Amino acid sequence: PGVKLDEMDEFKVSFSKVHAHILMHNLLWIATAYVAGILPLVLRSVSMIFAILLVSSVTGKFLYGSTMEAIPFETGIKALMMYMYQRKLKKGKDVSRTNTCGDSQQAY
């Protein structure tokens, strides 16, 4: 905190070690699922989550023109909400009372 970007020190990362750790992590959970006898269920679940995220991301990219994944499904959800909000504006509906950020985040 308080340090300018050009004053920060860069530290070297061993990309081969990072990739090796990721590979070992994935092999470990796959082996654990195999030993527990739930490998097909795990693979099916991972595939379904991947498919849902893919559809959400593509939907967001189509509706909004870019992706914004900080959390899963954010691209699709935000793009859909912005699309619906823009539709209200185009129809001439009064959106001045529309709470776009929720009561808990409302600035007073």
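Keep in mind that what you see is a predicted model, and the values were worked out from it rather than measured.

Analysis parameters
Residues numbered from 1 in each chain as written. Predicted model: local features only at pLDDT ≥ 70, side-chain atom pairs only at ≥ 80, totals over all residues. Heavy atoms only, no water. Helix = DSSP H or I, 4+ residues; strand = E, 2+ residues; numbered from the N terminus. Areas by Shrake-Rupley, 256 points an atom, 1.4 Å probe, with all protein chains shown as cover. pLDDT = per-residue confidence, 0-100. Contact = heavy atoms within 4.5 Å. Axes fitted to C-alpha atoms, helices over the stretch in contact; angles between N-to-C directions. Parallel < 35°, antiparallel > 145°, perpendicular 65-115°, else oblique. Nonpolar A, V, L, I, M, F, W, Y, C, P; charged D, E, K, R; others polar. Patch = residues over 30% accessible without salt bridge, like charges linked within 9 Å, V, L, I, M, F, W, Y side chains within 5 Å. Salt bridge = Lys/Arg side-chain N within 4 Å of Asp/Glu carboxyl O. Buried < 20%, exposed > 50% of the residue type's maximum accessible area, 1.4 Å probe, protein only.

Caption draft 1: Geometry of the overall build of the chain. The helix and strand inventory of the chain stands at three helices and zero strands. Each helix (α) and strand (β) of the chain, taken in turn from the N terminus, gives the series α-α-α. Accessible surface computed for the chain: about 9700 Å², of which carbon and sulfur atoms make up 67%.

Caption draft 2: Structural context of the confidence of the model for the chain. Of all residues in the chain, 74% attain a pLDDT of 70 or more, and the chain-wide mean is 78. Of all secondary-structure elements in the chain, the lowest mean pLDDT belongs to helix H3 (residues 74-90), at 75, while helix H1 (residues 15-36) reaches the highest, 95. This stretch, residues 102-108, has a pLDDT under 50; its non-local contacts, to residues over four places away or in other chains, come to three contacts.

Caption draft 3: The packing of H1 against helix H2 (residues 39-64), seen in detail. Viewed as axis vectors pointing N to C, H1 and H2 meet at an angle of 135 degrees, and their least axial separation amounts to 7 Å. In terms of axis orientation, H1 runs oblique to H2. Contacts between H1 and H2 involve Trp29, Ile30, Ala33 and Tyr34 on the former and, on the latter, Leu39, Val42 and Val46. Residue composition of the contact of H1 with H2, by class: seven nonpolar, no polar and no charged.

Caption draft 4: The arrangement of a nonpolar patch on the surface in detail. A cluster of nonpolar side chains, contributed by Phe62, Leu63, Tyr64, Leu80, Tyr83 and Met84, occupies part of the molecular surface with about 630 Å² of accessible area. Elements represented by at least two residues in the nonpolar patch include exactly H2 and H3. By the secondary structure assignment, tyrosine 64 is in helix H2. The exposure class of tyrosine 64 is partly exposed, given its relative accessible area of 43%.

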